[in-house]
Amino acid sequence: MNRIQERFAQLNKAGRKGFIVYIGAGDPNLKATRELALAFDRAGVDILELGVPFSDPLADGLVNQLAAQRGLESGTTPPKVLEAVAVIRKKSQVAIVLYIYFNLIHRVGAEKFIRDAARAGVDGLLVLDLPPEESDNYEALMNKHGLCHVYLVAPTTPEDRMEYIVKRGSGFIYYVSREGVTGMQKQIAANLSQQVAKLRAHTKLPIAVGFGVSNPEQAKLVAQVADAVVVGSAVVNQIAVHGKSKDLAKRVGKFVKSLADAVKSI
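My aim in this report is to walk through the structure given alongside it, one point at a time.

Scoring rules and cut-offs
Along each chain, numbering runs from 1 in the same order as the chain's sequence is written. Local features are withheld for residues below a pLDDT of 70 in this predicted model, meaning they are given only at 70 or higher, and side-chain atom pairs are given and counted only at 80 or more; totals for whole chains, interfaces and linings count all residues. Hydrogens are left out, water is left out, and the side-chain values use all remaining heavy atoms of the structure. Secondary structure elements are defined from DSSP: runs of H or I of at least 4 residues count as helices, runs of E of at least 2 residues count as strands, and each element is numbered from the N terminus. For every residue, the accessible area (1.4 Å probe, protein chains only) is compared with the maximum for its type, and the residue is labelled buried under 20%, exposed over 50%, or partly exposed between those bounds. Side-chain atoms within 4.5 Å link the members of a nonpolar core, which is a set of buried Ala, Val, Leu, Ile, Met, Phe, Trp, Tyr and Cys residues. Contacts are residue-level and defined by heavy atoms, with any inter-residue pair within 4.5 Å sufficient. Any pair of Phe, Tyr and Trp rings, taking the six-membered ring for Trp, is counted once the centres come within 6.5 Å. Such a pair is stacked with planes under 30 degrees apart, edge-to-face with planes over 60 apart, and tilted for the rest. A pair of strands counts as paired when DSSP detects no fewer than two bridges linking them. What counts as an axis is a line fitted to C-alpha atoms, over the stretch in contact for a helix, and the angles between N-to-C directions run from 0 to 180 degrees.

### Observations concerning unusual backbone geometry
Between Asp27 and Pro28 the backbone carries a cis peptide bond, its omega angle lying at 0 degrees. Turning to its location among the elements, Pro28 is positioned in the loop between β1 (18-24) and α2 (30-43). Positive phi, close to 75 degrees, is recorded for Phe211, a residue that is not glycine. Structurally, Phe211 is set in the loop between β7 (207-210) and α10 (216-223). Here Phe211 falls in the buried class, since its relative accessible area comes to 8%.

### A short note on the nonpolar core
In terms of nonpolar packing, the biggest core is built from 92 residues, with Phe40, Leu98, Leu125, Phe172 and Val235 touching the most fellow members. Considering every element that reaches this core, the biggest residue donor is helix α12 (residues 248-264), with 8 residues. When neighbours within four sequence positions are excluded, Leu98 is seen to be in contact with Leu50, Val52, Val81, Leu82, Phe113, Val122, Gly124, Leu125 and Leu126.

### Side note on the packing of aromatic side chains
As enumerated under the stated definition, the model contains 4 aromatic pairs in all. Each ring, one from Tyr174 and one from Phe211, has its centre 5.9 Å from the other, and the planes form 90 degrees; the classification is edge-to-face. With Tyr174 in strand β6 (residues 173-176) and Phe211 in the loop between β7 and α10, this residue pair connects regions lying 37 residues apart in the sequence. Just as Tyr174 is buried, Phe211 falls in that class too.

### Here we look at the sheet that holds strand β8 (residues 228-231)
Within a sheet, each strand pairs with its neighbour through backbone hydrogen bonds, oriented either parallel or antiparallel. Taken together, the 8 strands give a closed barrel; going around it, the order is β1-β2-β3-β4-β5-β6-β7-β8, and neighbouring strands pair in parallel fashion. For this sheet the average axis-to-axis angle between neighbouring strands, irrespective of direction, equals 25 degrees. Here 2 bridges tie β7 to β8, and the two strands are oriented parallel to one another. Its bridge partner being in β8, Val209 is matched across the sheet by Val229. The strands touched by α12 are β1 and β8; relative to β1, the strand with the most contacts, the crossing angle is about 155 degrees.

Any functional reading would require information that these geometric values do not contain.
Shown next, in the form of structure tokens:
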């Protein structure tokens, strides 16, 4: 049982909901990423998603695209992200998932990347552009090294395909609560509870809901339906605003704690 599975087991036993935060690795630099990870752990984050900077982040909206650009400009590479994870592991056991595009894995070879990720202390991968139909070798390597392979399900996914995807995943299922790319939204999708119910009919894996959750009120609403809430763009936006501040981790950590407290209040 890796940290993702262990954390969800603990949450389930306690009757609590999980809180997942996404940030771009290397935004504004990797030192800040390490400090933010530790601040988020203290704030109550259960799983940290680190976006590995990529030149063509097609699933991401403007806020996260700019974060990826800042990550690339700070010199962040996949090996350096793994080095940062290894440093975080010296002080924190927060579960870590890499949010990544498959080209970055393919470039160095799937077996090497997955092995190196496991050695660094990564717990799972969420590969945005790798469909389960093409994932046999990838899943086998992930299982071999004890990592969770997390899959996305979209609102437009037909139920038969939804069933197929969730049966291939491990760790948790990431349900994208709205169509399109990542980004902050003013309201939660009206059909969220029905969609989560469809997923629950086909899997016992925890269901995390993200894409668009922007404030504590929305986080609390989603937590009433899902097993975990994912907040990305709203946190990344805080990093963009306070990126040059000497107390970046403290400022963003305070915002993240307000979200964590909302989720944990359910």
